Amino acid sequence: MKTHRKKRLINVLLLSFLSGAGVLMVLYALNSNLDYFFTPSELLTEEVPSNRRVKVGGMVQEGSVRREDSIISFTITDYSKTIDVSYTGIVPDLFKEGSGVVVLGYLNNGKVDAEKVLAKHDENYMPPALQDK
Amino acid sequence: MIAEISHYLSILSTAIFMLTFSLVLVLDRSASHATLLIKRSYSHAFILFLISFLLYVYLALTDNFSVSYIAQHSNSLLPNFYKVTSIWSAHEGSMFLWIVFLSLWGFAFNLHNDSNLNVKNLSIGIISIIIVGFQLFLLVTSNPFEIVLPFAPENGADINPVLQDPALAIHPPTLYLGYVGFVIPFAYSLAFLINGKKSLDWEKKVKSWSVMAWVFLTIGISLGSWWAYYELGWGGYWFWDPVENVALMPWLAATAFIHSLSVASKSNVLRIWNLLLSIIVFSLSLFGAFIVRSGIIDSIHSFANDPQRGMYLLAFIAIILFVSLGLFISRFSMFDSSKNIKSLSKESFISLNNIFFGVLIFSTMMGITYPLIYELLYNQKISVGAPFYNAIYAPITILATIMLVASIDSKWGRPIDMKGSFSMLYISLAISLIGLIAIGYFVGNMPFIIMLSIFMGLVIIFRYLMLIISNIVHKKYTNTPSALAHAGLGLLILSISANSILSSEKVFNMKPNEIREFQNITIQFSELELLNKSNHDSIRATFSLNTEGKQFYLSPEKRKYFARGQITSETAIKIMPLKDIYLTIGEQLDNGQWVINVQLNYFIRFIWLSAAMMALSGLIIIKNIIRRRA
């Protein structure tokens, strides 16, 4: 009877240890793969390492969209600070000057090299961080 | 007038579902007359609700824009097909359909005779009260019957053009059928707990229901993936968007559930685990509804934000979880845990894989909720994307496939016979290694994790092929659905890996008549037309492509829809045996050139083929169960 109990205790301890370790590993994986969301102002005031993928949201500044070969560059503004973005590829149908955009990419010499450009599937979309501005 | 009747019938149906629940509470549930009464009461409530929905479909078909929801989401110019599907293009109508399906599953279950009257009636009672909860949610927070007063608009606002698509028209209903189907195992397992007799093998009774719901979920998810691939123009099949993830979680849980159900019916272990899983699967389905409907998570799928809806659903899910888990814990003593699983038996491998399923579900749940928690704690917006999910899913899937392959040589209830013959395993390993080397020769350098995935994908496929061949030679029974579904899994892993290393894309700027080269493909911009269609204007670019001695045309489009002024892109895809050539057109530059995107998507068709194999295997399981019963 006693050994049975002991065995059970060991099982429970082992199980809790394993699940604890599992949870920690998932959390570690989470923390090393997060995309931080910034507005241009936040991006300029906070120190962001260049190997960290960032999401930047704001409005496409009027008159800022330029194309050279297959590279499109534009400026994202939050109406106080701006940041330049360059991207290779087709921008979404709803991408236009003066409307909301979210880009995903890496910071490189004060500019963002975007891997992805997203415009919300809604003409009235505003990035959440800009709603109260 | 018809709108009012439809609305009234829904309210009446809610009242009768409530009555059904009360009958289950007060009557003697083991008596046959009470059973008949409960059965009839449920059927009446369901039929009234169904009529209410059919009237609503009629309202949509006849362009009754005095109904506010129809006015906002349909349009008289739409083909009839899309007038009907516009009902589930937004929140209220989706919820309406959701509940119709929920009660439809209950109706099918109600028609079916069960030897244990008490458990059957209890299940009907549980299903009824869940339906009532959702009907109240519909009528109070998301009423689709609201009338525009005093004058109806002349025309409706139209359905979002990206949703005017056959795959998307059937994707939500299939997915909903899957989600709500798990109400049957959920209700039945709770009824089993209330009934309190351990001898009842509820696992066998809910198997076909669970597999059916799983089939719908599998098809629903794949249809969504397929649609996103050709309609959104990004060329991917899965984006780890929160709304995709909330469909994936119940699918994973249901897959684990189906496996552990068969373990329980084979060797009477994992019974507590099955009860817990039946609760988890249904709760995850409801959680999916909550995430999509509440708009709490930022996603391209989320419907309009409404905190009231979110709070109601959250409270409802909390009550269901609280009651069911409470019941589960209070009946814990029903089972003694004297029966252990032998290590290296078939049960042990399936149990281990159940744990791996659990890890995937937990990680996905963390990925969805972590941004919310993080923002609360640190006031910093974050998002969790593909890198996290890849980091978790790839290694866990590989571990699970090792267990799967090991389980093929194992037996129920006893350890693997180590002295037995493993020649088939060795041959499959050898063939797969040769296959991997051959693939490596053509592809070049691959990341280690991809190499492992390709290898395991091949091992699964060849191991099951060997199994089938040997069974045919020795005239032994083959578990066809298992072989089919698992070979499908092997194919899925193989095609996802191959897709991720082989696929490539390039952006060109081209004027009409210009020629570009990309990976042995010659692309000529042959013409540009302007088309005027009934509900949109379109710019259609036609390209002449030449590859491997074959010549064909692809015509991607850019459309502007009248009703909403929305601009959409239509991709053009050439399907070849191993790859898709995928063409999209962007905007026109100042110098007259157009931005063109060419993608080569390898093995993408095999991803959906593998899902189809899994769904088919589910159908075979159901066919076998029905045949055995008859």
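Being a predicted model, the structure only gives us computed values, none of them experimental.

1. A look at the overall build of chain B
Alright, step 1. From N to C terminus, chain B includes 18 helices and 11 strands.
Alright, step 2. For a compact globule of 630 residues, the expected C-alpha radius of gyration is about 25 Å, and chain B comes in at 27 Å, within 12% of that figure.
Alright, step 3. Dimensions of chain B along its principal axes, counting C-alpha atoms only, are 80 × 80 × 55 Å.
Alright, step 4. Pairs at least 24 apart in sequence give 73% of the contacts found in chain B among residues at least 6 apart.

2. Quick notes on helix 2 (residues 32-61) of chain B
Alright, step 1. The terminal C-alpha atoms of helix 2 of chain B, which comprises 30 residues, lie 43 Å apart, in line with the 44 Å expected from a rise of 1.5 Å per residue.
Alright, step 2. Of the residues flanking the end of helix 2 of chain B, it is Asp63(B), one or two places downstream, whose phi is positive at about 50 degrees.

3. Let's talk about the sheet that holds strand 10 (residues 579-588) of chain B
All names here are of chain B.
Alright, step 1. Read across the sheet, 4 strands follow the order 2-11-10-9 without closing on themselves; strand pairing throughout is antiparallel. The open sheet has two edge strands, strand 2 (504-510) and strand 9 (572-575), and neither has a second partner. Averaged over all pairs of adjacent strands, the angle between their axes in this sheet comes to 15 degrees, without regard to strand direction.

4. Overview of the interface of chain B and chain A
Alright, step 1. Between chain B and chain A, the residue contacts involve 29 residues of the former and 21 residues of the latter.
Alright, step 2. Elements with a minimum of two residues in the side of chain B that touches chain A: helix 13 (346-378), strand 1 (382-384), helix 14 (386-408), strand 2, strand 8 (567-570), strand 10 and strand 11 (594-602) of chain B.
Alright, step 3. The dominant element in the side of chain B that touches chain A, judged by the number of residues it contributes, is helix 13 of chain B, at 6 residues.
Alright, step 4. Class assignment for the residues of the side of chain B that touches chain A results in 16 nonpolar, 11 polar and 2 charged.
Alright, step 5. Both strand 1 (residues 34-38) of chain A and strand 1 of chain B contribute to a ladder of 3 bridges, which runs antiparallel. By the bridge assignment for strand 1 of chain B, Tyr36(A) is matched with Ile382(B).

5. Some thoughts on the domain arrangement of chain B
Where the parts come together, the accessible area they lose is often given as the size of the interface.
All names here are of chain B.
Alright, step 1. The domains assigned to chain B are domain 1 (2-264 + 277-318 + 619-629) and domain 2 (504-605).
Alright, step 2. Just the C-alpha atoms count here: the centres of domain 1 and domain 2 sit 39 Å apart.
Alright, step 3. With 11 residues of domain 1 in contact, the opposing surface of domain 2 contributes 17 residues.
Alright, step 4. The residue makeup of the side of domain 1 that touches domain 2, split by class, is 7 nonpolar, 3 polar and 1 charged.

6. A look at the confidence of the model for chain B
Residues and elements named next belong to chain B.
Alright, step 1. For chain B, the mean per-residue pLDDT works out to 91, and 97% of the residues sit at or above 70.
Alright, step 2. Overall, residues 300-304 carries pLDDT values under 50, and its contacts beyond four positions in sequence, including any with other chains, amount to 15 contacts.
Alright, step 3. Predicted complex, confidence summary: ipTM 0.81, pTM 0.92.

7. Thoughts on the domain arrangement of chain A
Alright, step 1. Along its sequence, chain A is organised into domain 1 (1-33) and domain 2 (36-124).
Alright, step 2. Here the C-alpha centroids of domain 1 of chain A and domain 2 of chain A sit 43 Å apart.

8. Quick notes on the pairing of strand 6 (residues 100-108) of chain A
Residues and elements named next belong to chain A.
Alright, step 1. Pairing of strand 2 (residues 53-60) with strand 6 involves 7 bridges; the strand directions are antiparallel. Within strand 6, the position partnered with Val54 by the bridge is Gly105.
Alright, step 2. Relative to strand 7 (residues 111-118), strand 6 runs antiparallel, the two sharing 7 bridges. The partner of Gly105 across the bridge, within strand 7, is Ala114.

Cut-offs applied
- Residues numbered from 1 in each chain as written.
- Chains lettered and ligands numbered in written order.
- Predicted model: local features only at pLDDT ≥ 70, side-chain atom pairs only at ≥ 80, totals over all residues.
- Helix = DSSP H or I, 4+ residues; strand = E, 2+ residues; numbered from the N terminus.
- Rg over C-alpha atoms; globule rule 2.2 N^0.38 Å.
- Contact = placed C-beta atoms within 7 Å.
- Expected span 1.5 Å × (residues − 1).
- Pairing = 2+ DSSP bridges.
- Axes fitted to C-alpha atoms, helices over the stretch in contact; angles between N-to-C directions.
- Nonpolar A, V, L, I, M, F, W, Y, C, P; charged D, E, K, R; others polar.
- Domains from an automatic or database assignment.
- pLDDT = per-residue confidence, 0-100.

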